[in-house]
Amino acid sequence: MIEQVWAALGGDPAELPRLATTGPVPTLSSRFPVTEFGTATIGAALLAATADTGRPVGIDTRQAAVALRSERYLRRDGASPGNPFDPLSAFHPTADGWLRLHANYAWHAAAARRVLDLAPAAGLEEVRAAIAGWRKVELETALLEAGGVAAATRTEEEWAATEAGRAARALPLVERRVLGEAPPRPARRVRVLDLTRVIAGPVATRVLAAHGADVLRLDPPHRPEMPAQAWDTLPGKRSAIAELPAEDLLAGADVVVTGYRPGSLDRFGLAPEELAARHPGLVVVTLSAWGHTGPWAGRRGFDSLVQSACGIGVTEGSPTAPGALPAQVLDHATGYLGAAGALLALAAQRRSGGTHHVRLALAGTAAFLQALPRTEPGAAEVDPAPYLEELGPFTLASPPGTVDGEPLHWPSPADYGGARPAWLP
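In this numbering scheme, every chain counts its residues from 1 along its sequence in written order. Local features are withheld for residues below a pLDDT of 70 in this predicted model, meaning they are given only at 70 or higher, and side-chain atom pairs are given and counted only at 80 or more; totals for whole chains, interfaces and linings count all residues. Computation of side-chain values: all heavy atoms of the structure, hydrogens and water removed.

Looking at an unreviewed UniProt entry, the protein carries the name CoA transferase, with the source organism given as Pseudonocardia halophobica.

So, on to the nonpolar core. Grouped burial of nonpolar side chains is what soluble globular proteins tend to show. Within the largest apolar cluster, 88 residues are counted, with the highest numbers of intra-cluster contacts made by Leu-9, Val-255 and Val-285. Counting from the N terminus, the helices are DSSP H or I runs at least four residues long and the strands are E runs at least two residues long. The dominant element in this core, judged by the number of residues it contributes, is helix α15 (residues 329-352), at twelve residues. With near-sequence residues (within four places) excluded, Val-285 lies in contact with Val-255, Val-256, Val-257, Thr-258, Gly-338, Ala-342, Val-358 and Leu-360. In plain words, nonpolar cores are sets of buried Ala, Val, Leu, Ile, Met, Phe, Trp, Tyr and Cys residues tied together by side-chain atoms within 4.5 Å. Buried means the residue's accessible area, taken with a 1.4 Å probe over protein chains only, is under 20% of the maximum for its type, while exposed means over 50%, and partly exposed covers the values in between. Contact between two residues is taken to exist if any of their heavy atoms lie within 4.5 Å; hydrogens are not considered.

In this section: the pairing of strand β1 (residues 19-22). Strand pairing is defined by DSSP finding a minimum of two bridges between the two strands. Direction of pairing for β1 relative to strand β2 (residues 57-60): parallel, over a ladder of four bridges. Looking at the pairing, Leu-19 lines up with Val-57 of β2.

Glancing now at the packing of helix α13 (residues 303-310) against α15. For helices, the axis comes from a line fit to the C-alpha atoms of the stretch in contact; other axes are also lines fit to C-alpha atoms, and the angle between any two N-to-C directions lies between 0 and 180 degrees. In the contact formed by α13 and α15, the axes pass within 8 Å of each other and the chain directions differ by 115°. Taken together, α13 and α15 sit at an angle that is classed as roughly perpendicular. Of α15, the residues touching α13 (which contributes Asp-303, Val-306 and Gln-307) are Val-329, Leu-330 and Asp-331. Counted by class, the contact of α13 with α15 contains three nonpolar, one polar and two charged residues. Put simply, angles under 35 degrees are roughly parallel, angles over 145 are roughly antiparallel, angles from 65 to 115 are roughly perpendicular, and the rest are oblique. The nonpolar class holds Ala, Val, Leu, Ile, Met, Phe, Trp, Tyr, Cys and Pro. Asp, Glu, Lys and Arg form the charged class, and all remaining residues, Gly among them, are polar.

Quick look at unusual backbone geometry now. Of the consecutive residues Val-25 and Pro-26, the connecting peptide bond is found in the cis state with omega at 5°. In this fold, Pro-26 is placed in the loop between β1 and α2 (34-49). Phi at Asp-77 takes a positive value of approximately 55°, unusual for a residue other than glycine. Within the element layout of this structure, Asp-77 appears in the loop between β3 (75-76) and β4 (91-94). Although it is not a glycine, Asp-117 adopts a positive phi angle of roughly 60°. Inspection of the secondary structure assignment puts Asp-117 in the loop between α4 (106-115) and α5 (124-131).

In terms of burial, helix α16 (residues 362-370) is a largely internal element, nine of the nine residues being buried. For α16, the full list of buried residues reads Leu-362, Ala-363, Gly-364, Thr-365, Ala-366, Ala-367, Phe-368, Leu-369 and Gln-370.

Only rings of Phe, Tyr and Trp enter the pairing, Trp through its six-membered ring, and a pair is recorded when the two centres are within 6.5 Å. The plane angle decides the type: under 30 degrees is stacked, over 60 is edge-to-face, the rest tilted. Applying the stated rule across the entire model yields six aromatic pairs. Three or more aromatic residues joined by ring pairs make a cluster, and in this case those are Trp-159, Trp-290 and Trp-296. Its guanidinium or amino end placed over the ring of Trp-296, Arg-299 lies 4.0 Å from that ring's centre, counting from NZ or CZ. We call a charge positioned above a ring when the Lys NZ or Arg CZ atom is no farther than 6 Å from the ring centre and deviates by at most 35 degrees from the ring normal.

Here we take up the packing of α15 against α16. Running from N to C, α15 and α16 cross one another at 105°; their axes reach a closest spacing of 9 Å. Regarding the angle of α15 to α16, the classification is roughly perpendicular. Mapping the contact onto sequence places Val-329, Leu-330, Asp-331, Ala-333 and Thr-334 in α15 and Leu-362, Thr-365, Ala-366 and Leu-369 in α16.

In structure tokens, the structure reads:
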């Protein structure tokens, strides 16, 4: 598996012997090879972070299982922050099947209640009753048009027959391209401007922070991050509350990572081609739900919705209801791939120059996973204790893997909004 993932990243095959993978397979129960795939993406990030050094790296499948579900093990002062999913964020039966709704952010939940003609305080049972009267694709479309987020539940065959499904299946696991010429930049501590939220993008930048980068994350003041999401994905980073970045932040960055819909940041001058023109030599990483082509390219999306739309929910489910992967592996794996792609592109820039773009999508990750041989469900529960660490008031899943036989650790705890929007000297 690591050979396929590393090749998709454009990594040098001569680096592969440095990676040792240990532990049982599987450690995550699924009809898809989630353990092997997730572990391979983590291994690829470790290889990319130590490329050209000859240093041995390792990953154990038990730690991979914990890392790929890091949000489950988060504690603050010993207490769980609770279920990160809003009660409305679930599969709901419709008049002709099922629909997966996403309502973790208040504005998405409000949009769903508006479409369903419900009061702002309407609860789960009222929402489910209202959804039951809709056809799934009609409600999917209505929610999208109202600013909500949902995906009708399709089989793998139904998804493959749609134009959106065909576009998603044509996506590479990772795309790397050169946007323009630029001289090589001198080596220094890597500066990463993090314009992401939820899981995939924050995991990518969290990995970069664990390997020594100065990561500055910006969040807009009018759309605060959910506290538990911030606590889990901000370790090792600096976090500032600010509007989209001024040119001095872009000019000082080595890597810019965005995690929004393709084109949604273009009006702020953040299209990859515009960044290449104004700041030659940047590495630009863009992560999205559905990819940059096809009729769904501009849609909002999350891991759970991609699973629903592309057929994973049906395959992982039972005869009576859809199911889900044992981890939000589309998010987490895409994050590790994004970090690996950024590091390999950065190394290429410092060797031979250019402005590099790394592009990934959850739907492309799903298509890669679905094309792999299927597995039989079943795995022993992993004891997470050896793979957790205390950091300030938080208990967190440690950064996965070892370098030179030594485990990795987070450099600092999350401090949401506690930094100035400026680079360290």
